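Notes for the structure review
So you can see what is in the structure, the chains are spelled out below.
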Amino acid sequence: MPAFLIVHSKLTDANAFQHYVEAAGPSLERYQGTYLLGGSVSDVLEGTHDKDRTVIFQFPSTQAAKNWYQSDEYQSVKPLREHTGAFDFVLVDSF
């Protein structure tokens, strides 16, 4: 079953974050991660939400997403994201 990685973010340094995006892209491809959509949060209809952007990726399985996140390839570029904003990475299993 596919799994979806939902990343909620609030950027503080968009220029530095772009370096992370460019570096992380090839690792996503190697682990069959597919970019589905990204956009700005337009409204919170219920509850609280402190981020202003959302990006969704699809992986073939939960394990594939975890393998990507824990991979040496991704872990080596992850520091580029530090100090560029606040991020929540949420992995969702489909059913």
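All residue numbers refer to positions counted from 1 along the written sequence of the respective chain. This being a predicted model, a pLDDT of at least 70 is required before a residue's local features are given, and a value of 80 or more before pairs of side-chain atoms are given or counted; all residues contribute to the totals for chains, interfaces and linings. Each side-chain value is derived from all of the structure's non-hydrogen atoms; neither hydrogens nor water enter the calculation.

Describing the overall build of the protein chain
Helix numbers and strand numbers start at the N terminus; a helix is a DSSP run of H or I with at least 4 residues, a strand a run of E with at least 2. Looking only at helices and strands, one finds 3 helices and 4 strands in the protein chain. Listing the helices and strands of the protein chain from first to last along the sequence gives β-α-β-β-α-α-β. With the radius of gyration taken over C-alpha atoms, the globule rule is written as 2.2 Å times the number of residues to the power 0.38. Here the C-alpha atoms of the protein chain give a radius of gyration of 13 Å, agreeing with the 12 Å that 2.2 N^0.38 yields for 95 residues. With the C-alpha coordinates of the protein chain rotated into their principal frame, the extents come out at 35 × 35 × 15 Å. The rule is simple: take the accessible area with a 1.4 Å probe, protein chains only, and divide by the maximum for that residue type; under 20% is buried, over 50% is exposed, in between is partly exposed. Buried residues in the protein chain amount to 29% of all 95 residues. Residue contacts are defined here by distance: any two heavy atoms, one from each residue, within 4.5 Å place the two residues in contact. Within the protein chain, contacts between residues at least 6 apart in sequence are counted, and of these 78% link residues at least 24 apart.

Let's talk about the nonpolar core
One finds Leu5, Phe57, Phe59, Trp68 and Tyr74 to be the most contacted residues of the largest nonpolar core, which totals 16 residues. Breaking this core down by element, the ones donating at least two residues are β1 (3–11), α1 (14–30), β3 (53–59), α2 (62–70) and α3 (72–77). Top element by residues in this core is α1. It accounts for 4 residues. Among residues more than four places away in sequence, those in contact with Phe57 are Ala3, Phe4, Leu5, Val7, Leu28, Thr34, Tyr35 and Leu36. Nonpolar cores were defined as sets of buried Ala, Val, Leu, Ile, Met, Phe, Trp, Tyr and Cys residues, with membership established by side-chain atoms within 4.5 Å.

Things to note about the side chain of Thr84
With respect to the secondary-structure elements, Thr84 resides in the loop between α3 and β4 (85–93). For Thr84, a relative accessible area of 1% corresponds to the buried category. Not counting residues up to four positions away in its chain, the partners in contact with Thr84 are Lys10, Leu11, Thr12, Asp13, Ala16 and Phe17.

With respect to α2
What α2 keeps buried is the set Ala64, Ala65 and Trp68. Around the axis of α2, the buried residues are gathered within 100° of arc, so they sit on the same side. Considering only its buried residues, α2 is in contact with β1, α1, β3, α3 and β4. Directions drawn from the helix axis to the C-beta atoms are what define this arc.

Details of the sheet that holds β4
In short, DSSP must find at least two bridges between two strands for them to pair. Strands sit in the order β2-β3-β1-β4 across an open sheet of 4 strands; the sheet is antiparallel. Because the sheet does not close on itself, it has two edges, and the strands there are β2 (34–40) and β4. Direction aside, neighbouring strands of the sheet carry axes that sit 15° apart on average. Bridge count for β2 against β3 is 6 bridges, and the pairing is antiparallel. Lines fitted to the C-alpha atoms define the axes, with helices restricted to the stretch that makes contact. Angles between their N-to-C directions range from 0 to 180 degrees.

What about α1?
Expected span, for any helix, means 1.5 Å times one less than how many residues it has. Its 17 residues give α1 an end-to-end C-alpha distance of 25 Å, which sits within 8% of 24 Å, the value for a rise of 1.5 Å per residue. A bend of about 30° at Ala24 is the largest found in α1, and the proline Pro26 appears one to four places after it. For α1, the set of buried residues is Phe17, Tyr20, Ala24, Ser27 and Leu28. Where the residues of α1 are buried, they touch β1, β3, α2, α3 and β4. A residue's bend is simply the angle between two axes: one fitted to the seven residues ending at it, one to the seven starting at it.

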